[in-house]
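Structural description and commentary
Now for the letters of each chain:
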Number of protein chains: 2
Amino acid sequence: MKIVLDHYDYNILELLNDNARLSYAEIGRLIGLSQSAAKERVISLVDRGVIKKFGIEVDYSLIGYSLPVLIHLKFRNDDFKIFLNQLQQFPEITSCKRVTGEYCLVAEAVLKDNSHLEHLIDRLIRYGIPSTAIRLSEVGMPNFFTLHKSKLKKS
Amino acid sequence: MKIVLDHYDYNILELLNDNARLSYAEIGRLIGLSQSAAKERVISLVDRGVIKKFGIEVDYSLIGYSLPVLIHLKFRNDDFKIFLNQLQQFPEITSCKRVTGEYCLVAEAVLKDNSHLEHLIDRLIRYGIPSTAIRLSEVGMPNFFTLHKSKLKKS
DNA sequence: TGTGAAATTTAATGGCG
DNA sequence: CGCCATTAAATTTCACA
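Residues numbered from 1 in each chain as written. Chains lettered and ligands numbered in written order. Predicted model: local features only at pLDDT ≥ 70, side-chain atom pairs only at ≥ 80, totals over all residues. Heavy atoms only, no water.

Under an unreviewed UniProt entry, the name given to chain A is Lrp/AsnC family leucine-responsive transcriptional regulator, and the source organism is Chryseobacterium camelliae.

Structural data, given as structure tokens:
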């Protein structure tokens, strides 16, 4: 069940975490592998499911979506499917997680303005009571893999 | 202040959002531009700050961090700097956002097990009362740009 | 801004330790 | 598993529109 990664894998994850567009050749150079081996490693990480996706981080505030919010939701269980469907009609919702506790879902959305938020709340309120918080800023966190690879014993 | 994107830009963001490793040549092919033009566009999006980062999404549960949690935090303002420093000592915290409302910070962490969580709470509790929720699952959301590009008028 | 073309670098494959 | 070598493809740069 648990996948064991060696220091090559951790180094690759560290590099791709910072820049997913690095070429295999450059990855190889940086970690001391040939380009073929580096490529095999990356593909293997994808095949094993460790890397779920190569994506981008977007600054939505620059393109007109300057109201980022967190929405906490309670909902009635019988409407769950319909409710999720409603959520997915809103592409402004960039992520949605089911969690334990008083609120069942925590969603993040990027909205244009207050009336955009109002519209979103109007559609959600049928299914439960949404609690909205404005996301003021992000606190930068270090690369997960930078600190974890150092815990590995040399092989 | 607001950056206006055309349909080429939206198409590029849509593509890179799904696969950040697409080659410029392929991007160009898919949206009807030469590779040079496609590359210019991507670089311009990065330079203007719209694309903040090319990164990866990792399945941490596969590599031993099978307890994903959301932590809501209240803290005393006088300790804010020290508090953030504490947070950044924990690379298991993958994101941290300052929000309005009763709780000032919402952090996400990937932990190994309950004792790992206990250790994290022990270090955070000095600064305020953390409220922990287990992240049960993620609800898949559609690509933000897929639905937004269709709203553009042809130029 | 976009295109096209030439030189350099990478990607992809297959065979070998 | 990783390295090397080869062919195909992509990147980079630049002149031109």
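**Focus on helix 4 (residues 80-88) of chain A**
Residues and elements named next belong to chain A. Restricting attention to buried positions, one finds in helix 4 the residues F80, F83, L84, Q86 and L87. Taken end-on, helix 4 shows its buried residues confined to a sector of 155°, consistent with a single buried face. On its buried face, helix 4 is in contact with strand 2 (67-73), strand 3 (93-99), strand 4 (105-111) and helix 5 (114-124). (Buried < 20%, exposed > 50% of the residue type's maximum accessible area, 1.4 Å probe, protein only. Helix = DSSP H or I, 4+ residues; strand = E, 2+ residues; numbered from the N terminus. Arc of directions from axis to C-beta. Contact = heavy atoms within 4.5 Å.)

**Focus: the sheet that holds strand 5 (residues 130-138) of chain B**
Paired through backbone hydrogen bonds, the strands of a sheet run either parallel or antiparallel to each other. Spatial strand order, 2(A)-4(A)-3(A)-5(B)-2(B)-4(B)-3(B)-5(A): eight strands in a closed barrel with antiparallel pairing. This sheet shows a mean twist of 35° between the axes of neighbouring strands, independent of strand direction. In this sheet, strand 4 (residues 105-111) of chain B lies alongside strand 3 (residues 93-99) of chain B in antiparallel orientation, the contact comprising five bridges. Of the residues in strand 4 of chain B, the one forming a bridge with B:K97 is B:V106. (Pairing = 2+ DSSP bridges. Axes fitted to C-alpha atoms, helices over the stretch in contact; angles between N-to-C directions.)

**A few points about the pattern of salt bridges**
Going through the model one piece at a time under the given rule, you end up with 16 salt bridges over all chains. Close ionic contact of A:D6 with A:R41 constitutes a salt bridge, the shortest N to O distance being 2.9 Å. Within this pair, whereas A:D6 is found in the segment before helix 1 (7-18), its partner A:R41 is found in helix 3 (residues 35-47), the two being separated by 35 residues in sequence. The closest approach of N and O atoms between B:K97 and A:E138, which form a salt bridge, is 3.6 Å. Placement of B:K97 in strand 3 and of A:E138 in strand 5 (residues 130-138) is noted, with the two residues assigned to different chains. What makes B:K97 buried here is its relative accessible area of 8%. Take A:E138: its relative accessible area is 43%, and that puts it in the partly exposed class. (Salt bridge = Lys/Arg side-chain N within 4 Å of Asp/Glu carboxyl O.)

**Concerning the state of the cysteines**
Disulfides are covalent bonds that link the sulfur atoms of two cysteine residues. All chains considered together, the criterion is met by zero disulfides over all chains. Residue B:C104 stays outside any disulfide, its sulfur separated by 11 Å from that of B:C96, the closest cysteine. (Disulfide = S-S within 2.5 Å.)

**Some details on the pairing of strand 4 of chain A**
Residue and element names in this part refer to chain A. Buried residues dominate strand 4, accounting for seven of its seven residues. The two faces of strand 4 match: L105, A107, A109 and L111 on one face and V106, E108 and V110 on the other face are all buried. The pairing of strand 2 with strand 4 spans seven bridges and is classified as antiparallel. Across the sheet, the residue bridging to L73 is L105, located in strand 4.

**Here's the deal with the interface of chain B and chain A**
Facing the 66 residues of chain B at the interface are 66 residues of chain A. Both sides together, the interface formed by chain B and chain A hides about 6,200 Å², and carbon and sulfur atoms give 61% of it. On the surface where chain B and chain A come into contact, there are four salt bridges. Mapped onto the side of chain B that touches chain A, the elements with two or more residues apiece are helix 1 (7-18), strand 1 (51-58), strand 2 (67-73), helix 4 (80-88), strand 3, strand 4, strand 5 and helix 6 (144-149) of chain B. Of all the elements, strand 1 of chain B adds the most residues to the side of chain B that touches chain A, at eight residues. Here the residues of the side of chain B that touches chain A are counted per class, giving 37 nonpolar, 14 polar and 15 charged. (Buried area = accessible area lost by both parts, 1.4 Å probe. Nonpolar A, V, L, I, M, F, W, Y, C, P; charged D, E, K, R; others polar.)

**Focus: the protein's contact with DNA strand D**
If you check the shell around DNA strand D, you find 13 residues, and the closest are A:S34, A:S36, A:R41, B:A25 and B:Q35. In DNA strand D, the atoms that sit within 4 Å of the protein are 65% sugar and phosphate, with bases accounting for the remainder. Between B:Y24 and DNA strand D, the recorded distance is 3.0 Å, taken from a backbone N or O atom to a phosphate oxygen. A distance of 2.9 Å is found between a phosphate oxygen of DNA strand D and a backbone nitrogen or oxygen belonging to B:A25. Tallied by class, the residues present in the surface near DNA strand D amount to five nonpolar, five polar and three charged. (Near = heavy atom within 4 Å. Polar contact = N/O pair within 3.5 Å; in protein donor to acceptor, adjacent residues only side chain to side chain.)

**A look at the side chain of B:N143**
All names here are of chain B. When you line up the elements, N143 lands in the loop between strand 5 and helix 6. Judged by its relative accessible area of 11%, N143 falls in the buried class. Of note is the side chain of N143, whose polar atom sits 3.0 Å from the side chain of N17. Not counting the four nearest positions on each side in its chain, N143 is found in contact with E14, N17 and D18.

**Description of the relation of the copies chain B and chain A**
Think of it as a corkscrew move, a rotation about one axis and a shift along it, taking one chain copy to the other. Superposing chain B onto chain A takes a rotation of 180° plus a shift of 0.0 Å along the axis, which leaves an RMSD of 0.0 Å. Such values leave the two copies arranged in the relation of a two-fold axis. (Least-squares fit on C-alpha atoms with pLDDT ≥ 70 in both.)

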